[in-house]
Amino acid sequence: MQLGLGYWNLVQEGVMQNKAVGFEEMRVVDQCCDGIQFCLERALASGAMWSADEIAELCYLHYRTRLPKQGKPDANREWTSLAAVVKVESATKREVLDSPGNLQVTKEVVAMGTGTKCIGQNKMRKTGDILNDSHAEIVAKRSFQRYLLHQMWLAASHQQCSIFIPGTETGKWKLKPNTIFVFFSSHTPCGDASIIPISEPENHLSKPVTGDDAAGQSAECRSNRDHLGPEDKTKSEKIASNHIIKRMKTDDDGSFSVIAEDLAVQQVSVEREDDANPKSCECSAEMQRANKETGLGRLKVVDVHRTGAKCVPGELGDARIPGLGYHCVRLLRVKPGRGDRTCSMSCSDKLARWNVLGCQGALLMHFLQYPVYLSAIVVGKCPYSQEAMRRAIIERCQHISFLPDGFVAQEVKLLQSDLRFEHSRQAIQEVQTDSKTKLVPCSAAISWSAVPEQPLDVTSDGFRQGTTKKGIGSHQCRSKICKVELFHTFQKLVTSISQEDLPDTLRMKTLETYWDYKEAALNYQEAWKVLRSQALLGWVKNAKEYLHFT
């Protein structure tokens with residue numbers, strides 16, 4: 001890179017001194033410029049030009065200064081999770097030519113979400129006007145899709161400020177080469193990525209597993225343990241009574257870590273369960289590897305952080321053996337609801353899907369030559385395992401083949417920041433150490449998008465906050481990121497473009513419903529079919545009747 005910049009400096013010096021620069025010299029400069037741009041793009045995506053702490057700090061600042069008090073938790077008794085998408089841009093080829101010493105990157109939050117809730121399947125609506133999943137990661141992703149729709153409108157309107165540039169096919173666009181997106185989450189995603197080994201004692205844990213949570217539980221897990229039905233609790237108690245264990249109570253809500261008095265007894269129990277459930281063996285082996293890697297001598301990994309997400313119906317289930325064998329790993333899971341089961345897949349599962357299909361969804365894929373992928377995922381300070389994150393988001397889909405052109409199983413960069421979110425459960429607990437008030441998750445969700453009109457949305461139970469029963473169904477009750485609102489924004493984009501400039505999948509087609517438009521994105525649907533058949537078998541799909549709105 002330094003050689004290239006040095007040559008550019010010589011050329012610029014020649015231009016400034018009115019010296020002639022021949023065709024051959026300019027050809028070399030162009031080649032050098034392309035090489036430098038390639039290096040910059042690689043450095044940008046690898047994280048060499050930004051850090052996890054910089055991303056976290058930027059997101060926390062945005063949360064404090066750009067989001068209103070409405071929708072944020074009451075710090076005396078509530079907590080929430082935060083997620084965001086950050087656009088990171090390097091200098092363009094022309095900018096580097098004009099100013100060779102300027103290799104700075106710009107970072108901007110373009111979408112943000114907070115939330116911890118999900119609606120049950122009985123509350124789902126066929127009109128597409130309710131948010132089924134209000135976990136922060138999903139709110140942030142849907143807010144990001146709103147941002148992408150606006151950027152696509154800018155591109156189609158031939159405005160240079162868009163992140164998109166023309167592709168090689170009619171009506172298709174692609175992301176500018178000097179732009180990447182980094183996903184931030186204040187907490188480890190629920191589901192498979194949250195099944196993290198715990199060592200005893202916790203304060204001796206070595207990285208990457210951290211023991212911030214005094215109870216040895218992830219915040220997501222502890223908020224969802226209360227959702228276990230009587231049948232699950234009874235089953236768990238029966239299994240526990242058959243093992244020689246010692247329970248250590250650590251919190252008022254009954255959360256505990258399980259420490260085996262004789263680890264050999266526990267391992268025998270896991271081996272017996274392996275005969276009936278092959279996945280348990282995989283879980284046990286992973287924890288045994290973690291034992292070797294801790295470097296703690298006789299101190300063992302004795303338990304795992306729990307996830308409240310439940311295995312999908314009809315698939316392999318958790319062994320629920322207290323301690324190491326409680327969960328099975330690599331399984332698809334649905335988010336828990338209060339009594340009413342949800343149809344929302346865990347955040348770990350959805351991130352794994354986005355890592356192959358992109359974050360843009362089926363609708364926007366009509367206009368894109370390539371999916372919009374995340375280059376990195378940054379997690380804030382919380383219980384975290386690099387191995388669990390990699391397993392959940394990358395490895396489960398790494399082996400797939402025969403994807404359509406443009407789609408790929410990404411090797412997304414996974415990082416953790418040392419900065420904690422101020423309204424995380426752990427942060428609120430530390431402040432409220434002397435308080436006897438039980439902490440609860442905040443019922444509201446906030447979405448924010450970098451768009452000019454109504455960037456902010458505060459929702460509760462899937463509708464705009466303040467919606468009454470009488471108001472449900474009205475336009476005013478809808479979140480700007482619910483299915484029907486994003487669909488209408490997409491339709492406005494389509495109608496703003498002349499027929500000859502539309503992509504083939506939309507030109508001269510009779511498409512009416514949300515389902516019609518999604519199915520017409522043929523390459524996306526083919527990629528999704530391949531992914532489901534080879535890696536994400538058992539994925540819970542919404543029935544068609546919930547997608548036939550206009």
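Since this is a predicted model, take the numbers as computed values, not measurements.

A.B. asks: How should I be thinking about the overall build of the protein in this particular structure?
C.D. replies: Summing up its helical and strand segments, the protein has 16 helices and 20 strands in all. The proportion of buried residues among the 550 residues of the protein is 56%. In the protein, once contacts between residues fewer than 6 apart in sequence are set aside, the share between residues at least 24 apart is 73%. Of the roughly 24,700 Å² of accessible surface on the protein, 50% is carried by carbon and sulfur atoms.

A.B. asks: Explanation requested: the pattern of salt bridges in the structure shown.
C.D. replies: Where side chains of opposite charge bring their charged atoms close, a pairing between them can arise. Applying the stated criterion across every chain, the model contains 22 salt bridges. One salt bridge in this structure joins D133 and K335, with 2.3 Å as the shortest N-O distance. Of this pair, D133 sits in strand β5 (residues 133-135) while K335 is found in the loop between β14 (333-334) and α10 (347-357), placing the two residues 202 residues apart along the sequence. The same class applies to D133 as to K335, namely buried. A salt bridge links E411 to R390; the nearest nitrogen and oxygen atoms lie 2.5 Å apart. One end of the pair, E411, is in the loop between α12 (386-393) and β16 (413-416); the other, R390, is in helix α12, with 21 residues separating them in the sequence. Three or more residues joined by partner-sharing salt bridges are found here, namely R330, R390, E395 and E411.

A.B. asks: Explain the packing of aromatic side chains to me, please; I cannot follow it from the model alone.
C.D. replies: Each aromatic ring pair is summarised here by two numbers: the centre-to-centre distance and the angle between the ring planes. All told, the structure shown has 15 aromatic pairs when counted by the stated rule. Measuring from centroid to centroid gives 6.0 Å for F367 and F490, while their planes differ by 65°, and the two rings are edge-to-face. Linking F367 in the loop between α11 (361-365) and β15 (376-379) with F490 in helix α14 (residues 483-495), this pair joins segments that are 123 residues apart in sequence. What makes F367 buried here is its relative accessible area of 1%.

A.B. asks: Even after reading the chapter, I still don't get the sheet that holds β15, so can you show me in this structure?
C.D. replies: Adjacent strands of a sheet form backbone hydrogen bonds with each other and so pair up, either parallel or antiparallel. With respect to topology, 8 strands assemble into an open sheet ordered β16-β15-β8-β2-β3-β18-β19-β20, the strand pairing being mixed. Looking at which strands have only one partner, the edges of the open sheet turn out to be β16 and β20 (463-464). One ladder, built from 3 bridges, connects strand β3 (residues 106-114) with strand β18 (residues 444-449); its direction is antiparallel. Within the sheet, the bridge partner assigned to G113 lies in β18 and is S447. Relative to β16, α12 is tilted by about 145°, and along the sheet it contacts β15 and β16.

A.B. asks: Would you take a moment to explain the nonpolar core for this structure?
C.D. replies: If you look at soluble globular proteins, the nonpolar side chains tend to sit buried side by side. Membership of the largest hydrophobic core comes to 85 residues, with the highest contact counts inside it found for F144 and F367. With 11 residues, helix α5 (residues 136-156) is the largest single contributor of residues to this core. Ignoring sequence-local partners within four residues, the contact set of F144 consists of V85, V110, A111, F181, C359 and V372. Within the second largest apolar cluster, 26 residues are counted, among which are W50, C59, I180 and V458.

A.B. asks: What's the story with the side chain of S385 in this structure? I'm lost.
C.D. replies: Mapped onto the secondary structure, S385 falls in the loop between β15 and α12. Look at S385 and you get buried, because its relative accessible area is 3%. Looking at S385, its side chain comes within polar contact range of the main-chain nitrogen of A388, at 3.1 Å.

A.B. asks: Just checking my understanding: could you explain helix α3 (residues 52-66) for this structure?
C.D. replies: The periodicity of an α-helix, 3.6 residues per turn, causes residues three or four positions apart to be oriented the same way. With 15 residues, α3 ought to run about 21 Å at 1.5 Å a step, and its terminal C-alpha atoms sit 21 Å apart, in line with that. Taken residue by residue, α3 has A52, I55, A56, C59, Y60, H62 and Y63 as its buried positions. One side of α3 holds all its buried residues, which, seen down the axis, span an arc of 155°. Exposed residues pointing more than 90 degrees away from the buried face of α3 are listed as E57 and T65.

A.B. asks: Explanation requested: unusual backbone geometry in the structure shown.
C.D. replies: Across the chain, the bulk of peptide bonds are trans and the bulk of non-glycine residues have phi less than zero. The residue H158 is not glycine, and still its phi comes out positive at about 60°. Among the structural elements, H158 can be located in the loop between α5 and β6 (164-166). Judged by relative accessible area, H158 falls into the exposed class, the value being 68%. Unusually for a residue other than glycine, R330 sits at a positive phi of about 70°. Summarising the element assignment, R330 is placed in the loop between β13 (310-311) and β14. On the accessibility criterion, R330 (29% relative accessible area) is partly exposed.

A.B. asks: I keep staring at the confidence of the model for the protein and nothing clicks. Help me out?
C.D. replies: Detailed conclusions should not be drawn from predicted coordinates in areas where pLDDT is low. Model confidence for the protein is summarised by a mean pLDDT of 80, while 71% of its residues fall at 70 or above. Confidence drops under a pLDDT of 50 for residues 202-281, and excluding neighbours within four residues, the segment shows 165 contacts in the predicted structure. With pLDDT under 50 throughout, residues 293-299 is counted as low confidence; its partners more than four residues away or in other chains account for 11 contacts.

A.B. asks: Honestly, the pairing of β3 in this entry has me stumped. Any pointers?
C.D. replies: On a regular strand, one side chain projects to one face of the sheet and the next to the other, so that they alternate. Pairing of strand β2 (residues 82-89) with β3, which is carried by 8 bridges, proceeds in the antiparallel orientation. Bridging from a neighbouring strand, A83 pairs with G113 of β3.

Criteria and thresholds
Residues numbered from 1 in each chain as written. Predicted model: local features only at pLDDT ≥ 70, side-chain atom pairs only at ≥ 80, totals over all residues. Heavy atoms only, no water. Helix = DSSP H or I, 4+ residues; strand = E, 2+ residues; numbered from the N terminus. Buried < 20%, exposed > 50% of the residue type's maximum accessible area, 1.4 Å probe, protein only. Contact = heavy atoms within 4.5 Å. Areas by Shrake-Rupley, 256 points an atom, 1.4 Å probe, with all protein chains shown as cover. Salt bridge = Lys/Arg side-chain N within 4 Å of Asp/Glu carboxyl O. Phe/Tyr/Trp six-rings, centres within 6.5 Å; stacked < 30°, edge-to-face > 60°. Pairing = 2+ DSSP bridges. Axes fitted to C-alpha atoms, helices over the stretch in contact; angles between N-to-C directions. Core = buried A, V, L, I, M, F, W, Y, C linked by side-chain atoms within 4.5 Å. Polar contact = N/O pair within 3.5 Å; in protein donor to acceptor, adjacent residues only side chain to side chain. Expected span 1.5 Å × (residues − 1). Arc of directions from axis to C-beta. pLDDT = per-residue confidence, 0-100.

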